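Structural description and commentary
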Amino acid sequence: MDWLITTLKQYPELAVFLTLSLGYFIGKFKIGSFSLGTVTSVLLVGVLVGQLDIVIAPAVKSVFFLMFLFAVGYSVGPQFFGGLKKDGLPQMFFAAIVCVLCLVCPYFIGKIMGYDMGLTAGMLAGSQTISAVIGVASDTINQLDIPATEKVALINKIPVAYAVTYIFGTAGSAWILASIGPKLLGGNLVEKAKELEIQLGGDSIGDDPSMASAYDRVIYNAYQISAQSFGCNKTVAAIEAELESKGRHLFIERIRKGKDIFEAEKDTIVEENDVIVLGGRREFMMNYVAVNEKEVLDVELLNFPVEVLTVMIVKKEVLNKTIGELRGSKIAHGVVIRSLKRAGIDMPVLPNTTFNKGDLIELVGTKKDVDRAALHIGYADRATNATDMAFVGLGIVLGGLFGALTLKISGVPISLSTSGGALISGLIFGWLRGQHPTFGRIPEPALWVMNNVGLNIFIAVVGITAGPSFIVGFQEAGWGLFIAGAAATTLPLILALLLGRYVFKFHPVITLGCAAGARTTTAALGALQDAVKSKTPALGYTVTYAVGNTMLIIWGVVVILMMS
């Protein structure tokens, strides 16, 4: 054991990876629906490892924290600036007010309880489940004109308060929104979610299968045409039009005439004994009932390549149009929209769901059809492992330089710090990527590493560094800090729900999504979707999430200045 301790002290990087490994392992376990989560688990393991008095260079956590913040900004940039348009402004204003409540409530609770800026900043971070406040607040404390020993003491209190208040911050948020929220918003939200789906065009599975989940597969079947078939001696275009008129959005992809196989063209005439391949989403295919056609297994005919392609919405001809409008246009002939993501969140695939710039849709169809559709829709985001590191590095440097600028007001130095600058830079560079998607690509796995590993290495170092003083700080704070944190979590959420209902007059399901987004609680979004049995809360989540993820992180600077 002595050898292990000596080795970890000599090679502190091993202590960091040990903390990550154990933290991620523990973070996977659940008690019922509750889990500590990765960040809190890594922090607590770091505190335990920190009892070994391991010294880690401060630059290590700074590097990974800047990487994390840039990735956060990059992810939400298109939605943040897109929300400035007319349709998104009410949700942006709502999120801004809620974020102010998320700052003011912990601040006044901290004042009432007599907490210093370290405990108050940690309570803000934990009660609002915004881990990045730990780093931003620490950077701001380091800029204050106070003794170095006092800075260290204040900074070490932040993770203590975070750990104590985070548990209710995450579990309590989901419970309040999913259980109390529906009661405050008038109840019967399952029915109201169905009403909202009707407004979006999802009123009947039989007549309009587009209401089905985005995860449903696309399938292809082969049918032999008889003399009595409705499609006999008609063109491909006429057959598809008749299917469409009966709510069967299917396409003819290939045709066998005797021994010969042809790609289907609009003016190709389908004759008796021809075998056609019908393709489309599973729900449409299930809705098709062959009466005078015989389904056959023609392996050669059905054995053709199908492309699955992610396309970023960029082109004006589809921007702000609905899924139904795109589906009915010539652009989308032969292709099916399998999923729609906005800021990484799965959106409901319904006929009246509107496309926003930067949305990612997944198209399925033959390569010819998919490539043609992609040209009119936006940028084909083909799978690649390469990250544009020149773009990432430049973004972090420019953001850090901007954040390092200091403005003195009444002798008090005020700046965003390099961390705040990296966040702002990420927003701008993410928006640029959405406007010009030919450069600046960060593949989703790489973005996951920057987001999750970047944050958790930072948290691991924070825990290890604060370890020796963590237990003392916890004893000083007492269990009153847990109650204070619970109040700081609950008050902004309750006020947000009332604000959405009585002031902004959002649809109740949208109000729930907006409240979850403004608080950046992804776990709560999942609980809400389970509670209302619908994905529609996501319609209020993305714009408010972009605002919340920006403002709540910046509050790490503001709360320290307010407490100074």
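In this text, all values refer to a predicted model and were calculated from it rather than measured experimentally.

This paragraph deals with the sheet that holds strand E9 (residues 336–342). Ordered by their spatial adjacency, five strands build an open sheet running E10-E9-E11-E8-E12, and the pairing between neighbours is antiparallel. Two strands in the sheet have a free side with no partner beyond their single neighbour: strand E10 (345–346) and strand E12 (378–380). Pairing of strand E8 (residues 307–313) with E12 involves three bridges; the strand directions are antiparallel. Bridged to valine 311 within E12 is alanine 380.

Once that is clear, we can look at a nonpolar patch on the surface. Together, Leu18, Leu22, Phe25, Ile26 and Phe29 line one region of the surface with nonpolar side chains, adding up to about 450 Å² of accessible area. Of note, phenylalanine 29 is situated in the loop between helix H2 (12–27) and helix H3 (37–50). Assessed through its relative accessible area of 52%, phenylalanine 29 is described here as exposed.

Looking now at the side chain of asparagine 156. Its location among the elements puts asparagine 156 in helix H8 (residues 148–184). Ignoring any residue separated from it by four or fewer positions in sequence, one finds asparagine 156 in contact with Ala466 and Ser469.

We now examine the packing of helix H4 (residues 58–82) against helix H16 (residues 417–435). One can describe the packing of H4 onto H16 by two numbers: an axis separation of 6 Å at closest approach and a directional angle of 40°. Taken together, the axis directions place H4 and H16 in an arrangement best described as oblique. You can see that H4 and H16 cross each other, and the crossing is right-handed. Together, Phe65, Leu66, Leu69, Phe70, Val72, Gly73, Tyr74, Val76, Gly77, Pro78, Phe80 and Phe81 of H4 and Thr418, Ser419, Ala422, Leu423, Ser425, Gly426, Leu427, Ile428, Phe429, Gly430, Trp431 and Arg433 of H16 make up the contact between the two elements. In the contact of H4 with H16, the residues fall into 16 nonpolar, seven polar and one charged.

Despite not being glycine, asparagine 233 shows a phi value in the positive range, around 65°. As for its position among the elements, asparagine 233 is in the loop between strand E1 (218–225) and strand E2 (234–235). Among the residues examined, asparagine 233 registers a relative accessible area of 57% and is labelled exposed. The residue asparagine 273 is not glycine, and still its phi comes out positive at about 75°. Mapped onto the elements of the fold, asparagine 273 is located in the loop between strand E5 (269–270) and strand E6 (275–281).

Let's shift gears to the nonpolar core. What tends to happen in soluble globular proteins is that the nonpolar side chains get buried as a cluster. Of all hydrophobic cores here, the largest spans 126 residues; its most connected members are Leu69, Phe70, Ile361 and Ile377. Of the residues forming this core, the biggest block, 12 residues, is contributed by helix H21 (residues 542–563). When residues no more than four places from it in sequence are discounted, the contact partners of leucine 69 are Ala132, Val136, Ser419, Ala422, Leu423 and Ile553.

Before going further, it helps to spend a moment on the packing of aromatic side chains. How two aromatic rings sit relative to each other is set out by the distance from centre to centre and by the angle between their planes. Throughout the structure, instances matching the rule amount to 16 aromatic pairs. Ring centres of phenylalanine 65 and phenylalanine 458 lie 4.3 Å apart, and the angle between their planes is 25°; on these two criteria the pair is classed as stacked. On the criterion of sequence distance, the pair formed by phenylalanine 65 in helix H4 and phenylalanine 458 in helix H17 (residues 444–477) is long-range, its members being 393 residues apart. Exposure class is identical for phenylalanine 65 and phenylalanine 458. Each is buried.

One open sheet holds the five strands; their spatial order is E4-E3-E6-E1-E7, and the pairing between them is antiparallel. With one partner strand each, in any of the chains shown, strand E4 (260–263) and strand E7 (293–296) form the two edges of the open sheet. Going across the sheet, the axis of each strand differs from the next one's by a mean of 30°, ignoring polarity. Of the pairings in the sheet, the one linking strand E3 (residues 251–257) to E6 comprises five bridges and is antiparallel in character. Its bridge partner being in E6, arginine 254 is matched across the sheet by valine 277. In this fold helix H10 (residues 236–245) packs onto E3 and E6, with an angle of close to 135° to the strand it touches most, E3.

The next thing to look at is the pattern of salt bridges. Applying the stated criterion across every chain, the model contains 11 salt bridges. Of the charged contacts, one joins lysine 257 and aspartate 274 as a salt bridge, the two residues approaching to 2.5 Å between their closest N and O atoms. With lysine 257 in strand E3 and aspartate 274 in the loop between E5 and E6, this residue pair connects regions lying 17 residues apart in the sequence. Lysine 257 gets classed as partly exposed once you look at its relative accessible area, which sits at 23%. Judged by relative accessible area, which is 5%, aspartate 274 ranks as buried. Across the pair arginine 372 and aspartate 369 runs a salt bridge whose closest N-O atoms are separated by 2.9 Å. Of this pair, arginine 372 and aspartate 369 both sit in helix H14 (residues 367–377), three residues apart, roughly one helical turn. Its relative accessible area of 28% is what places arginine 372 among the partly exposed residues. Overall, aspartate 369 belongs to the buried group, its relative accessible area being 7%.

What counts, and where the lines are drawn
- Residues numbered from 1 in each chain as written.
- Predicted model: local features only at pLDDT ≥ 70, side-chain atom pairs only at ≥ 80, totals over all residues.
- Heavy atoms only, no water.
- Pairing = 2+ DSSP bridges.
- Helix = DSSP H or I, 4+ residues; strand = E, 2+ residues; numbered from the N terminus.
- Patch = residues over 30% accessible without salt bridge, like charges linked within 9 Å, V, L, I, M, F, W, Y side chains within 5 Å.
- Areas by Shrake-Rupley, 256 points an atom, 1.4 Å probe, with all protein chains shown as cover.
- Salt bridge = Lys/Arg side-chain N within 4 Å of Asp/Glu carboxyl O.
- Buried < 20%, exposed > 50% of the residue type's maximum accessible area, 1.4 Å probe, protein only.
- Contact = heavy atoms within 4.5 Å.
- Axes fitted to C-alpha atoms, helices over the stretch in contact; angles between N-to-C directions.
- Parallel < 35°, antiparallel > 145°, perpendicular 65-115°, else oblique.
- Left-handed = near helix turned anticlockwise from the far one by under 90°.
- Nonpolar A, V, L, I, M, F, W, Y, C, P; charged D, E, K, R; others polar.
- Core = buried A, V, L, I, M, F, W, Y, C linked by side-chain atoms within 4.5 Å.
- Phe/Tyr/Trp six-rings, centres within 6.5 Å; stacked < 30°, edge-to-face > 60°.

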